[in-house]
Protein chains: 2
Amino acid sequence: MTYKKLDEKDIDFLVSLCGTKRVFSGKEVPEIYSRDELSMVRSYPEVVVEVLTTEEVSQIMKYAYDNNIPVTPRGQGTGLVGGSVALYGGIMLSTVRMNKILELDDENLTITVEPGVLLMELSAYVERHDFLYPPDPGEKSATIGGNISTNAGGMRAVKYGVTRDYVRGLEVVLPHGEVIQLGGKNVKNSSGYSLKELIVGSEGTLGFVTKAILRLLPLPKKALSLLIPFSDLGQAIETVPKIIKSKSIPTAVEFMEREVILAAEEFLGKKFPDTSADAYLLLTFDGNSNEELEKAYERIAHICLDAGAHDVYISNTPERQQSIWSARGAFLEAIKASTTEMDECDVVVPRNKIAEFVKFSRGLQDKLNVRIQSFGHAGDGNLHIYVLRDTLAKEEWENKLEAAMQSMYDKAAELGGQVSGEHGIGHAKQPYLACSLGTEHIGLLRNIKKTFDPKNILNPGKVC
Amino acid sequence: MTYKKLDEKDIDFLVSLCGTKRVFSGKEVPEIYSRDELSMVRSYPEVVVEVLTTEEVSQIMKYAYDNNIPVTPRGQGTGLVGGSVALYGGIMLSTVRMNKILELDDENLTITVEPGVLLMELSAYVERHDFLYPPDPGEKSATIGGNISTNAGGMRAVKYGVTRDYVRGLEVVLPHGEVIQLGGKNVKNSSGYSLKELIVGSEGTLGFVTKAILRLLPLPKKALSLLIPFSDLGQAIETVPKIIKSKSIPTAVEFMEREVILAAEEFLGKKFPDTSADAYLLLTFDGNSNEELEKAYERIAHICLDAGAHDVYISNTPERQQSIWSARGAFLEAIKASTTEMDECDVVVPRNKIAEFVKFSRGLQDKLNVRIQSFGHAGDGNLHIYVLRDTLAKEEWENKLEAAMQSMYDKAAELGGQVSGEHGIGHAKQPYLACSLGTEHIGLLRNIKKTFDPKNILNPGKVC
């Protein structure tokens, strides 16, 4: 792919549209815009524009399309697979300033937001109005635009589903600059192929989301967490299908190991309530009365104790829950701080295959002699497995990483799983996606991309 | 579009594949296969094949593709917009015999079915195993394949969402005969553009669904209905946003008028519990304890009484609920039986715009001097409005019908609504969809269709 390199005239156009304070070019582009949170690929955009309005995005896209300039959308850059890295230079459109909450509609139970609103801002805002926005990815400083682009999942997917399930409507700027409205505040819709569903999870490659109408739920009045220690991870995870089978649906079921918890304690400088066991399940329940919660968790506590749990710690005050969940929220950062470099595998497998997958990935650690750590969403089958470089030399690291990744993606496919549960494909996971989907399927994705973006100018080099 | 007409060689091929007992050609094709439940368009397929396996579908699709023969998928033909009518003749693939429930997986809370399983069979089967399949369209004798093709909604969408929200995985035969697997038993998935979401609601125009993995919920232990009489429909419907705003989420909120109830009484030969009022809201609640239900419905009962409801009838036995809901289930048939011919408008609008839309459609009745009846899903904004021919002469009927439909679709657009909430576009509603979406949007749909089906042989003349 060859694109036009930006010249003075192009920069002048952008400045004429957005002024000098929101346009950074050449050496003014901060280092942070050359990468995301994890992926190893780095590349600078030629210019970064902090857009403010749909109209600006539309005019810039049209200009870029007419002039064959690549455009990379970017939120807070918290991605892990290089999805927001400007591989071919060009224009980066940052949504950081497009961060207004536009309307909370309590008759339709929707909130309308700009894409740069942070997940933590959105949650706090709706909770103040007694509503819940259920998707709950670990990274609370991600933008809602980013969450939509990867169809982010998070902890509460067990009970509430993922981002897709809460996107009612989108305003999207297409690669040639046209603006379309998809969905709306309507609860149902059977009016032609759902482009809204196609845009969700398309990682900014089909269109640029400039507005989202999100569905809200009434805020549950009560919540509590159970922290449940087990002798080892296998025992903990084998308990999960029994929990699901019990028909008491928890809000979240996370698994964690002592080693990861200790890393989080060190990273945060805060003590975790218990670190005596090798492995833990962490469950949350929510509902509208204490009786409702008690019924649900008592049954599950018994199941866990029958399955060999050492104890069941109930955490029913906001403070105690906060101490546990803040550790959980710091796992990724803590693991990252414990090594020199790392890469991640974000597979999802059917819930009754998690134990087998985790056992397999632990076996790889010994087989390949490379440190591997994991945590994740035991209740929905989505695992985060990190391969750590530590002191390995470059070539050895690359070989071991590739071997580990290939083995894990092969195993996931064997178990009926998928390449990514919630972090997306971006740049880093493309070969694994192509391999997992097969020629026919990936061919359809490529043709859909061509339909939206025949010149391949919007976020090129990603997904397919 | 010109297609090959079937000759003896083609029929021989189909018979060699499926035997004589499942292939009906020429005059053997029963009348029922020339139409669906409502739409005015009629056309016979040249041959009907009752397929049994994915392999058969794949081979027939490949043959049809190679020979330029149109193929129309059909379930039970309960559609209302001509989606399963073979407009260009060719081969009709009926799923009636592809009706096996393949697996109930209680560790992953999924059920795997063939497309010809009826909704009522599926519901009864999972309920026997203490599970709930939440989508609940009025037409229980529709196939699940048909439900997926229109993204059917139904009564319980207020609390549980629509068919799309319960489709975890699909096996799909593409127009040229290749078979692809989309999704699976996984709870999360961010692995490339979601073709599964594109197939759901595509009305059999992008691929032929041969298997579906559906998500189940634990069966709620308790349920009850409230039948709430009001002085008039306006008063009833204006109460709905207040109910939604109360943050007690009912499972279903239906509205109905005395005239429609009387038609259903006559059609079924059964008495409805009350017909003293002009208009009713019918609400259902479900949950796991009586206390939970009581809390929810008491609050809503007060809201309704404050808004002018005459009374609140509680129906908490299965028998009493059955008598109410069987009447509700017969509305469409009853209205149909009360006139000579009719057509339907299935718009969806934001929930706080329903009152305005219903008032508008009632105004049309007087303005155009044509009988119009309606009922529908007040809780999710999806209205079913029927324009009735009665004794009108052909030309007068056609003029009035067109004027009524155009006015209603224009009004829906003005209120931020969509052309179809759950019945789809099929053949009948194409002009309204094109008008509603605009050139850019409909162009994308057409190009997506071309990507999947460059020869336009799968269900041609539908959607876009």
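Residues numbered from 1 in each chain as written. Chains lettered and ligands numbered in written order. Predicted model: local features only at pLDDT ≥ 70, side-chain atom pairs only at ≥ 80, totals over all residues. Heavy atoms only, no water.

(A) Seen up close, the relation of the copies chain B and chain A. With an axial shift of 0.0 Å and an RMSD of 0.0 Å, the rotation relating chain B to chain A amounts to 180°. The operation mapping one copy onto its partner corresponds to a two-fold rotation axis. When the interface residues of chain B are mapped onto chain A, 100% of them are again interface residues, pointing to one common binding face. (Least-squares fit on C-alpha atoms with pLDDT ≥ 70 in both. Contact = heavy atoms within 4.5 Å.)

(B) Fine view of the nonpolar core. With 182 residues, the main nonpolar core has Leu214 and Phe452 of chain A together with Leu214 and Phe452 of chain B as its most contacted residues. Leaving out residues up to four positions away in the same chain, Phe452 of chain B has contacts with Leu444 and Ile448 of chain A together with Leu174, Pro175, Leu195, Leu198, Ile199 and Leu206 of chain B. (Core = buried A, V, L, I, M, F, W, Y, C linked by side-chain atoms within 4.5 Å. Buried < 20%, exposed > 50% of the residue type's maximum accessible area, 1.4 Å probe, protein only.)

(C) View of the domain arrangement of chain A. Entries for chain A in the domain assignment read domain 1 (8-97), domain 2 (101-218), domain 3 (222-332) and domain 4 (339-427). Once you take the C-alpha centre of each, domain 1 of chain A and domain 3 of chain A turn out to be 42 Å apart. (Domains from an automatic or database assignment.)

(D) How the structure looks around the interface of chain B and chain A. Opposite the 84 residues of chain B that make contact, chain A presents 84 residues. Of the roughly 6,700 Å² buried between chain B and chain A on both sides combined, carbon and sulfur atoms contribute 56%. If you look at where chain B meets chain A, you find 10 salt bridges. Its salt-bridge partner being Glu422 of chain A, residue Lys188 of chain B comes within 2.8 Å of it at the nearest N-O pair. Counting every contact that joins chain B to chain A gives 40 residue pairs in polar contact (both at pLDDT 80 or more). Put simply, the parts of the chain that give the side of chain B that touches chain A at least two residues each are β9 (179-183), α6 (195-199), α8 (240-245), α10 (290-306), α15 (430-437) and α16 (439-452) of chain B. (Buried area = accessible area lost by both parts, 1.4 Å probe. Salt bridge = Lys/Arg side-chain N within 4 Å of Asp/Glu carboxyl O. Polar contact = N/O pair within 3.5 Å; in protein donor to acceptor, adjacent residues only side chain to side chain. Helix = DSSP H or I, 4+ residues; strand = E, 2+ residues; numbered from the N terminus.)

(E) Highlighting helix α9 (residues 258-268) of chain B. Residue and element names in this part refer to chain B. Among the residues making up α9, those that are buried are Val260, Ile261, Ala263, Ala264 and Glu265. In this structure, the buried residues of α9 make contact with β13 (252-257), β14 (279-287), α11 (318-329), α12 (331-337) and β17 (371-377). Phi for Gly269, located one or two positions after α9, is positive at around 65°.

(F) Highlighting the pairing of strand β8 (residues 167-173) of chain B. All names here are of chain B. The buried fraction of β8 amounts to seven of the seven residues, a majority that puts the element mostly inside the structure. Here β8 pairs with strand β10 (residues 208-215) via six bridges, running antiparallel. Paired with Gly169 across the strands is Ile213, a residue of β10. Bridge analysis of β8 against β9 gives five bridges, and the strand direction is antiparallel. Counterpart to Leu170 in the pairing with β9 is Leu182. (Pairing = 2+ DSSP bridges.)

(G) Just the UniProt feature "domain: FAD-binding PCMH-type" (unreviewed entry) in chain A, in detail. UniProt's feature table lists "domain: FAD-binding PCMH-type" (unreviewed entry) at residues 41-219 of chain A, given in the numbering used throughout. Between the end C-alpha atoms of residues 41-219 of chain A the distance is 40 Å, and the span holds 22% helix and 25% strand. (UniProt positions renumbered as here; feature names shortened; annotations may be inferred.)

(H) Region of the structure containing the packing of aromatic side chains. Evaluated as defined, the whole model comprises 16 aromatic pairs over all chains. A ring pair is formed by Phe13 of chain B and Tyr63 of chain B, whose centres lie 4.0 Å apart and whose planes are at 5°; its orientation type is stacked. Here Tyr63 of chain B lies in helix α2 (residues 54-67) and Phe13 of chain B lies in helix α1 (residues 8-18), a separation of 50 residues in the sequence. Since its relative accessible area comes to 13%, Tyr63 of chain B is described here as buried. Taken together, the ring pairs in this structure connect Phe331, Phe375 and Tyr386 of chain A into an aromatic cluster. It is Lys247 of chain B that lies over the ring of Phe131 of chain A; its NZ or CZ is 4.0 Å from the centre. Seen from the ring of Tyr65 of chain B, Lys455 of chain B lies directly overhead, with NZ or CZ sitting 4.7 Å from the centre. (Phe/Tyr/Trp six-rings, centres within 6.5 Å; stacked < 30°, edge-to-face > 60°. Lys NZ or Arg CZ within 6 Å of the ring centre and 35° of its normal.)

(I) Structural detail: helix α3 (residues 119-128) of chain A. All names here are of chain A. All buried positions along α3 are accounted for by Leu119, Leu122, Ser123 and Val126. End-on, the buried residues of α3 take up no more than an arc of 95°, which puts them together on one face. Residues of α3 that are buried in the fold lie against β5 (101-105), β6 (110-113), β7 (131-132), α4 (144-150) and β10 (208-215). Backbone geometry just downstream of α3 places Asp130 in the positive-phi region, at approximately 70°. (Arc of directions from axis to C-beta.)

(J) Region of the structure containing the pairing of strand β12 (residues 222-230) of chain A. All names here are of chain A. Within β12, seven of the nine residues are buried, which leaves it mostly tucked inside the rest of the structure. Pairing analysis gives nine bridges linking β12 to strand β14 (residues 279-287), with the strands arranged antiparallel. Looking at β14, one finds that Lys222 is bridged to Gly287.

(K) Here's a closer look at the side chain of Ser361 of chain A. Residue and element names in this part refer to chain A. Assignment of secondary structure puts Ser361 in helix α13 (residues 354-368). Of the residues examined, Ser361 reaches a relative accessible area of 2% and is grouped as buried. Beyond its immediate chain neighbours, meaning those up to four positions away, Ser361 contacts Ile372, Ile385 and Met408.

(L) Molecular detail of the confidence of the model for chain A. Confidence along chain A averages 95 in pLDDT terms, with 100% of residues attaining 70 or more. Under the prediction, the complex receives an ipTM of 0.95, its pTM being 0.96. (pLDDT = per-residue confidence, 0-100.)

(M) Spotlight on the pattern of salt bridges. Enumeration according to the criterion identifies 70 salt bridges over all chains in this entry. Residue Arg371 of chain A pairs with Asp390 of chain A through a salt bridge whose shortest N-O separation is 2.7 Å. Taken as a pair, Arg371 of chain A in strand β17 (residues 371-377) and Asp390 of chain A in the loop between β18 (382-388) and α14 (394-414) lie far apart in primary sequence, 19 residues in all. A relative accessible area of 23% places Asp390 of chain A in the partly exposed class. Within the structure, one salt-bridge network assembled from shared partners comprises Arg164, Lys196 and Glu197 of chain A together with Arg164, Lys196 and Glu197 of chain B.

(N) Fine view of the sheet that holds strand β1 (residues 23-25) of chain A. Residues and elements named next belong to chain A. Across the sheet, four strands lie side by side as β1-β2-β4-β3; this open sheet has mixed pairing. Single-partner strands in this sheet number two, and they are β1 and β3 (71-74). Along the sheet, successive strands turn relative to each other by an average axial angle of 20°, direction set aside. In the packing of helix α2 (residues 54-67) onto the sheet, the strands contacted are β2 (47-50), β3 and β4 (91-94), and the crossing angle to β4 comes to about 165°. (Axes fitted to C-alpha atoms, helices over the stretch in contact; angles between N-to-C directions.)

(O) Quick look at a negative patch on the surface. On the surface, Glu291, Glu294 and Glu298 of chain A together with Glu291, Glu294 and Glu298 of chain B cluster together into a negatively charged patch. Within the residue set of the negative patch, elements represented by two or more residues are α10 (290-306) of chain A together with α10 of chain B. Turning to its location among the elements, Glu298 of chain A is positioned in helix α10. (Patch = residues over 30% accessible without salt bridge, like charges linked within 9 Å, V, L, I, M, F, W, Y side chains within 5 Å. Areas by Shrake-Rupley, 256 points an atom, 1.4 Å probe, with all protein chains shown as cover. Lys, Arg positive; Asp, Glu negative; His and termini not counted. Charge placed at Lys NZ, Arg CZ, Asp CG, Glu CD.)

(P) Representation of the packing of helix α1 (residues 8-18) of chain A against α2 of chain A in the model. Residues and elements named next belong to chain A. For the pair α1 and α2, the least separation of the axes is 11 Å and the interaxial angle reads 165°. The angle between α1 and α2 places the two elements in the roughly antiparallel class. Classified by chirality, the crossing of α2 by α1 is right-handed. For the pair formed by α1 and α2, the contact residues are Lys9, Asp10, Phe13, Leu14, Leu17 and Cys18 on the first element and Glu56, Gln59, Ile60 and Tyr63 on the second. (Parallel < 35°, antiparallel > 145°, perpendicular 65-115°, else oblique. Left-handed = near helix turned anticlockwise from the far one by under 90°.)

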